[in-house]
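# Results of the structural survey
Now for the letters of each chain:
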Number of protein chains: 2
Amino acid sequence: MGGILRILVVAIVLAACANATSATDALPANSLAVTASSLGQRALSDPAAFDFVASLTTEIGQRLAGTEAHRRAVAWAETRLKAAGFENVHAEPFTFPAWIRGAESADIVGPAPQQLAVTALGGSVATDAGGIEAEIALFRTYDDLLSAAPGSLNGKIAVVTQRMVRAQDGSGYGAANPIRRHGPSEAAKRGAVAYLLRSLGTDHHRLPHTGALNYEDGVPRIPAAALAIPDAEQLERLAAKGPVRIRLLLTPTVRENAPSWNVVGEIKGNERPDQVVLIGGHLDSWDLGTGATDDGAGMAIVFGAARLIAGLPRRPARTIRVVLFGAEEMNFSGAAYAQAHQGEAGKIVVAGEADFGARNVYSVQLPAGAAGSDFGRALDRIVAPLGANLDRRPALGGGDDIRELQKAGVPVVSLRQDGLDYFDTHHTADDTLDKIDPRQLDQAVAVWSAFIYLAAASDVDFRSLAAAAK
Amino acid sequence: MGGILRILVVAIVLAACANATSATDALPANSLAVTASSLGQRALSDPAAFDFVASLTTEIGQRLAGTEAHRRAVAWAETRLKAAGFENVHAEPFTFPAWIRGAESADIVGPAPQQLAVTALGGSVATDAGGIEAEIALFRTYDDLLSAAPGSLNGKIAVVTQRMVRAQDGSGYGAANPIRRHGPSEAAKRGAVAYLLRSLGTDHHRLPHTGALNYEDGVPRIPAAALAIPDAEQLERLAAKGPVRIRLLLTPTVRENAPSWNVVGEIKGNERPDQVVLIGGHLDSWDLGTGATDDGAGMAIVFGAARLIAGLPRRPARTIRVVLFGAEEMNFSGAAYAQAHQGEAGKIVVAGEADFGARNVYSVQLPAGAAGSDFGRALDRIVAPLGANLDRRPALGGGDDIRELQKAGVPVVSLRQDGLDYFDTHHTADDTLDKIDPRQLDQAVAVWSAFIYLAAASDVDFRSLAAAAK
C-alpha cells in the first residue's frame, strides 16, 4: 500500500473513530497518520525546542553574520545537532560582504535640542566622521516621498513616518518593506543627503528596528537609519511647528569576503535516503537583541520537530535535512546554499523555513495542488486539533533562504505562525528570550513535526500534484 | 452659612435629587458642590492638560535638573502659566549638586561576550576611565545580599535580581526601593567594587530604569547601575552555569551649586488670599525619556484643574498656588521650597502633588479626620460618578516635594492614580507622550479640580479635623 493511500485509509478511520479511543489501538502501529498525530502530542510537552533557543540566546547571544559571535554560534549548532543524534553534521562555508554596525546617534539640533533613538539600516554607508547636519523634509507616507520632484530634497535629510499595519499574517510588513529597502535610493534620487524612516514595527518603545536596505545601482548611496516609533511621532509634531534640523552620525563598516556557514544535519531516510525533505531556520541574527524570535525560535521549531522524528523506533523513508542558514538577514545564505547544491534541486521533495517568530501555527500552506490531495486531507485532520488549519491557497514562498531553491523548481511549504505581535520586537534590542511563550512554541513544533513526518514517511510527490492541478 | 455647612446641604440635596435633574436648577448658582461637579464635567472634555504635556515633552523633551534643557523648561513653564491667566508667576531659585549622566555600558566579558543594557543610577560615582572588570556575585533577593558576610564580595560586582511586584497603588515600588537606594552601600560594606540591580520596573524591555541612590556616610562609594529586566534574567541564567565576568563603564559627573528653580503661579483668593491651597508636580525629569508620565502628566493635571478654576466667573475664597518643583528626581526641590518658605506653613491649608503618572484617580486620601467630615462626604459624592472613591484611610504622604511641608505641619492629600503599568516605563527612555491616554488624564484633572475647588472655596480646616479625630 502506497504512502498516500495508507495515510488516506488511516485518516478516514481516525476521523470515523474520533470519539472511540479504543478503536485507534486496532490500527497498525506504524501507520503514518497515527505516528504523525502522536508526534504532535509529544511535541506539546517536549522541552527540547525551548531549551535550544534558551541555550543559544544565553550562551551566544547576538550572532550577526560576520562577527566572532556568529562563528561561536556555528560551533554551538554543530555540537547541538550531533548531541541530538543528527547525522552528517557539517558546516558549509561561503563568503559574503559583512556589514558591521558602528556608532549611531541622531540629535535634533533645533528648535528643541534632544536625542533621538535611531539605529542604522543594515547595509547603510557611514556618514562623515563628524556626522551630517541638515534640515529634514518629513513625509507622512512613502507615496508622498515618491511624489517629490527631483532636486526638491537637495541637501535635506528625508524622513518617512508612514505607519505599519499590525496583522496576524505579517502582511503589514510586506506592504511597508519598500520604505526601508528602497526609500534610501528614492530619497537620494531627489537630492537627499540622508534618510530616516519610522521603524517598521508595531510597538511604541524607544527601541528602533533595524533591517537591510537595498541601494539602487547608479544612485548615490546615502546613510540611512530607522527611528524608534515614539521618536518618529516626536518629529511629526515638531515638523508641524516649523523647520527641524538633525545631526546624524553612523559609522558602520563592511568587510568583504567575510566567512559564514550554513550548518547542516540530517536524519537519513531508511528507504529512499536520496529524497530529501529540507527544513530550516537561520542561525545568524541581527546584533541588537539576542535573536530569540528571529530566528532562534524558528531553528528551535524545526530542530525540535526533527529530533522527535529521529527518536522514533523506525525512521521515515526519506531523509530529513535541517539547514541552519548563515546570513539570512543580509540575504546571502539562501543563494549560497542553492549555488553549492546546484543540480540537486530535483532530489528535494519539499523545502520549508521557520522564520516568523515563536507563536503557534494557525495555517498551513502546501505547494500548489496539495491541499486537495490525500496528503493534504490527512494533514488537515492531524493538525486541526492543534489549532492549525489547511489553507486552500498554495504557499507562494517559504522563506528568504529557500527562495533560490524554489526558483530551481523545489516545492515549498509555509507553516504560518501568529504574527500579531511579531513586529513589536522584530529586529530590535527587545528580541530576547523572555518574549517566547514555550507553550506556543511547542504547538509550532507539533504542527511542523506532523508535516515533516508525513512528507518524509510517505511517497507524496508535490511536483506531480502541482502538475495535475494545472 | 459656613462653607462646610453649605457643602453639606448642597450634597444632601444633590444626593436626594440625583435622578431629578431639574431640581438642581433650583440650587444657588454659586453652590460649591454644584460648581465642583460642573468643573469635573468640564475637565472631561478640556484639552488643556494634554496640550500642556504634549507641548512640554515635544518642545523641550528631557529636562534633567541642572541641564540647559531644564532651564528652557523653566522659561516655558513661566510663559505657559502667564498665558493661562495665573498671577504672581515667578521662578524661585535654589542651588543643588547636579548629577549629569555620562557614557554608560556593560559587557559580559565571559563566558559569552555580549552587551548588556544598563543605565547609571542617579548620584552614582564614575568608574575608572577604562571601566571596572570583575566577576559578579549574583543575589536573587536583596535579603540574600544583606545576608552576605563582610568581605565576601571583595573585588566583585554585586548583582541583585529581585523582581518588583506590579500593583495598582505602586506598593511594589516602595517595597523594592531600598534595593536601589541602599543596595550600593550595602554591597560596598561587603567588599563589592560595583553594583548592578535588576531595574525597578514591571516591563520586559531592553530599557533600563534609572533613579536615585543614597550612599551611606562612611562607606566607600561604588559605581551603580540598573540592568534592563531581560538583561538581569540573562545574567541569572548565565550565573547558574558558572562564573560570569562583566566590564562596567560609567562616566557621570557632578556640578556643585548648579541652579534650579521652583516655578510658581497663583490664582489669588477673593476673600482669604493669605490662605493657600498648594498643589504641584515637578518640572524636572530624568534624562532618558521626555518625562511625559513623570512628571509632565502630574503638572498637566494640576495645571489643567487650576486653569479651569481660574476661568470661573467667581474666584474661590482662598488662593490656589501651583508649584512646579525643580529637582524632585534627585530629592532637592521640596526641601528648597520648604526652606524658602519657612514660617509660612501655617498659611497652607493643604498641599498635594500629582506625581504618579497619567492614569485615572481611583481613590482620594484626605488628611486625617477629613474623610468622615462634611467636606469628605461632599467630595465623595462628587467624585464617585467619576470613578474615584474616598478612602477612609488618611493620606500618609502627598509626594516627595511636599514632605518637608508635611513635616512642618501642613496637611497633605493624596489623589491616587492607577499605577498598574506606571512602572513599565517609569524612569526609562520609554517615558514619552505616546504612553498617555488623554481620556484617563482628563479624569484625573476632573477629580483634582473638584478637590481643589472645594478646598479653596470652602472654609474647611484640616488641622481642626485632625485634632478632633485624635
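Residues numbered from 1 in each chain as written. Chains lettered and ligands numbered in written order. Predicted model: local features only at pLDDT ≥ 70, side-chain atom pairs only at ≥ 80, totals over all residues. Heavy atoms only, no water.

### Regarding the overall build of chain A
In terms of helices and strands, chain A carries 16 helices and 16 strands. For 470 residues, the compact-globule formula gives about 23 Å, and the C-alpha radius of gyration of chain A, at 24 Å, lands near that figure. Counting only C-alpha atoms and orienting by the principal axes, one finds that chain A spans roughly 80 × 40 × 40 Å. If you sum the accessible surface of chain A, you get close to 16,800 Å²; carbon and sulfur atoms cover 51% of it. Measuring between centres, the 44 positive side-chain charges of chain A sit 2 Å from its 52 negative side-chain charges. (Helix = DSSP H or I, 4+ residues; strand = E, 2+ residues; numbered from the N terminus. Rg over C-alpha atoms; globule rule 2.2 N^0.38 Å. Areas by Shrake-Rupley, 256 points an atom, 1.4 Å probe, with all protein chains shown as cover. Lys, Arg positive; Asp, Glu negative; His and termini not counted. Charge placed at Lys NZ, Arg CZ, Asp CG, Glu CD.)

### Some points on the environment of A:G131
Residues and elements named next belong to chain A. With respect to the helices and strands, G131 occurs in the loop between β4 (118-120) and β5 (132-139). A sequence separation of 119 residues divides G131 from L250, and the C-alpha atoms of the two residues are 7.0 Å apart. With near-sequence residues (within four places) excluded, G131 lies in contact with R247, L248 and L249. (Contact = heavy atoms within 4.5 Å.)

### Notes on the pairing of strand β14 (residues 361-365) of chain B
Residue and element names in this part refer to chain B. The buried fraction of β14 is high, at five of five residues. Sheet topology note: the β14/strand β16 (residues 414-417) ladder contains four bridges and is antiparallel. Within β16, the residue paired with Q365 across the bridge is S414. As paired elements, β14 and strand β15 (residues 389-390) share two bridges and run parallel to each other. Within β15, the position partnered with S363 by the bridge is N389. The parallel pair β14 and β15 is bridged by helix α12 (residues 374-383), and the resulting crossover is right-handed. (Buried < 20%, exposed > 50% of the residue type's maximum accessible area, 1.4 Å probe, protein only. Pairing = 2+ DSSP bridges. Right-handed = clockwise from strand over helix to strand, strands pointing away.)

### Remarks on the relation of the copies chain A and chain B
For the pair chain A and chain B, the relating rotation is 180°, the translation along its axis is 0.0 Å, and the fit reaches an RMSD of 0.0 Å. One copy is carried onto the other by what is essentially a two-fold rotation axis. In this assembly the copies share their binding face: 100% of the residues contributing to the interface of chain A also contribute to that of chain B. (Least-squares fit on C-alpha atoms with pLDDT ≥ 70 in both.)

### Brief notes about the sheet that holds β14(B)
Residue and element names in this part refer to chain B. If you walk across this open sheet you meet the three strands as β15-β14-β16, and the pairing is mixed. At either end of the open sheet lies a strand with only one pairing partner, and these are β15 and β16. Helix α15 (residues 438-457) contacts β14 and β16 of the sheet and is inclined by roughly 25° relative to β14. (Axes fitted to C-alpha atoms, helices over the stretch in contact; angles between N-to-C directions.)

### Overview of the pairing of strand β2 (residues 104-110) of chain B
All names here are of chain B. In the sheet, β2 pairs with strand β9 (residues 245-250) via six bridges, with the strands oriented antiparallel. Bridged to I108 within β9 is I246. Relative to strand β3 (residues 114-116), β2 is paired through three bridges, and the arrangement is antiparallel. Along β3, the bridge assignment pairs A106 with L116. Once β2 ends, the chain turns through three residues before running back antiparallel as β3.

### Section: the interface of chain A and chain B
Across the contact, 28 residues belong to chain A and 28 residues belong to chain B. Here chain A packs against chain B, burying approximately 2,100 Å² in sum over the two surfaces, 51% of which is carbon and sulfur. One can count two salt bridges joining chain A with chain B. With its nearest N and O atoms 3.0 Å apart, the salt bridge here joins B:K241 to A:E59. Where chain A meets chain B, there are 19 residue pairs in polar contact (both at pLDDT 80 or more). At five residues, helix α9 (residues 229-239) of chain A tops the list of elements feeding residues into the side of chain A that touches chain B. Along the lines of polarity and charge, the residues of the side of chain A that touches chain B split into nine nonpolar, 10 polar and nine charged. (Buried area = accessible area lost by both parts, 1.4 Å probe. Salt bridge = Lys/Arg side-chain N within 4 Å of Asp/Glu carboxyl O. Polar contact = N/O pair within 3.5 Å; in protein donor to acceptor, adjacent residues only side chain to side chain. Nonpolar A, V, L, I, M, F, W, Y, C, P; charged D, E, K, R; others polar.)

### Details of the pattern of salt bridges
All names here are of chain A. Using the criterion set out here, one finds 56 salt bridges over all chains in the structure. Notably, a salt bridge pairs D434 with K435, separated by 2.6 Å at the nearest N-O pair. The structure contains a network of salt bridges with shared partners spanning R140, R163, R198, E233 and E236.

### Observations regarding the sheet that holds strand β12 (residues 318-325) of chain B
All names here are of chain B. Across the sheet, five strands lie side by side as β1-β10-β12-β11-β13; this open sheet has mixed pairing. With partners counted over all chains shown, the strands left at the sheet margins are β1 (87-100) and β13 (348-353), one partner each. Direction aside, the axes of adjacent strands within the sheet are offset by 20° on average. Pairing analysis gives five bridges linking strand β10 (residues 253-267) to β12, with the strands arranged antiparallel. Note on β12: the bridge partner recorded for G265 is V322. Contacts from helix α10 (residues 292-310) reach β10, β11 (272-282) and β12, with the element oriented near 150° to β11.

### Brief notes about the side chain of A:T57
Counting through the fold element by element, A:T57 comes out in helix α4 (residues 48-59). Overall, the relative accessible area of 1% leaves A:T57 in the buried class. For A:T57, the residues in contact, after removing those within four places along its chain, are A:R63, A:T290, A:G291, A:A292, A:L433, B:Q114 and B:Q234.

### Description of empty space enclosed by the protein
One simple way to see leftover space: roll a probe sized like a water molecule over the atoms. Across all of its chains, the model carries four cavities of 30 Å³ or more by this definition. Lining the largest cavity, in full, are A:T57, A:T290, A:T432, A:L433, B:Q114, B:Q115, B:L116, B:R206, B:P230, B:D231, B:Q234 and B:R237. Breaking the lining of the largest cavity down by element, the ones donating at least two residues are β3 and α9 (229-239) of chain B. No other element matches the four residues that α9(B) contributes to the lining of the largest cavity. Looking at the lining of the largest cavity, its residues break down into three nonpolar, six polar and three charged. (1 Å grid on protein atoms, 1.4 Å probe; cavity = no way out; pocket = protein on both sides within 12 Å on 5 of 7 lines; lining within 4 Å. Points joined across faces, edges and corners; volume = space filled by probe spheres on them.)

### Looking at the environment of B:E135
All names here are of chain B. Tracing the backbone through its elements, the reader meets E135 in strand β5 (residues 132-139). Taking the C-alpha atoms as reference points, E135 and V89, 46 residues apart in sequence, are found 54 Å from one another. Those residues in contact with E135, other than ones at most four positions away along the chain, are K156, I157, P243, V244 and R245.

### Points about helix α15 (residues 438-457) of chain A
Residue and element names in this part refer to chain A. In this model, α15 (20 residues) spans 28 Å end to end at C-alpha, consistent with the 28 Å of a helix rising 1.5 Å per residue. Burial analysis of α15 places 18 of its 20 residues in the buried class, which makes it a mostly covered element. For α15, the side-chain oxygen to backbone nitrogen distance between the N-cap and R439 is 3.0 Å, and the N-cap itself is D437. (Expected span 1.5 Å × (residues − 1).)

### Some words on the packing of helix α4 (residues 48-59) of chain B against helix α5 (residues 68-83) of chain B
Residues and elements named next belong to chain B. Axis separation between α4 and α5 bottoms out at 11 Å; the angle between their running directions is 150°. Between α4 and α5, the interaxial angle falls into the category roughly antiparallel. For α4 against α5, the interelement crossing comes out right-handed. Contact with α4, carried on its side by D51, F52, S55, L56 and E59, involves R72, A73, W76 and R80 of α5 and no other residues of that element. Residue composition of the contact of α4 with α5, grouped by class: four nonpolar, one polar and four charged. (Parallel < 35°, antiparallel > 145°, perpendicular 65-115°, else oblique. Left-handed = near helix turned anticlockwise from the far one by under 90°.)

### Points about unusual backbone geometry
Residues and elements named next belong to chain A. Following G110, the chain continues into P111 via a peptide bond in cis, with omega recorded as 10°. Mapped onto the secondary structure, P111 falls in the loop between β2 (104-110) and β3 (114-116). With phi around 50°, N88 is a residue other than glycine that occupies positive phi space. Within the secondary structure, N88 is located in strand β1 (residues 87-100). Accessibility expressed as a relative area gives 42% for N88, which makes it partly exposed. Here the phi dihedral of H427 falls at roughly 65°; this positive angle occurs in a residue that is not glycine.

### A few points about the confidence of the model for chain A
All names here are of chain A. Taken as a whole, chain A shows an average pLDDT of 94; of its residues, 94% reach a score of 70 or greater. Of all the helices and strands in chain A, helix α2 (residues 21-25) carries the lowest mean pLDDT, 34, while strand β8 (residues 224-227) carries the highest, 99. A low-confidence stretch, residues 11-29 stays under pLDDT 50, and its non-local contacts, those more than four residues away or across chains, total 10 contacts. Model confidence for the complex: the whole-complex pTM is 0.93, and ipTM, which rates the interface, is 0.91. (pLDDT = per-residue confidence, 0-100.)

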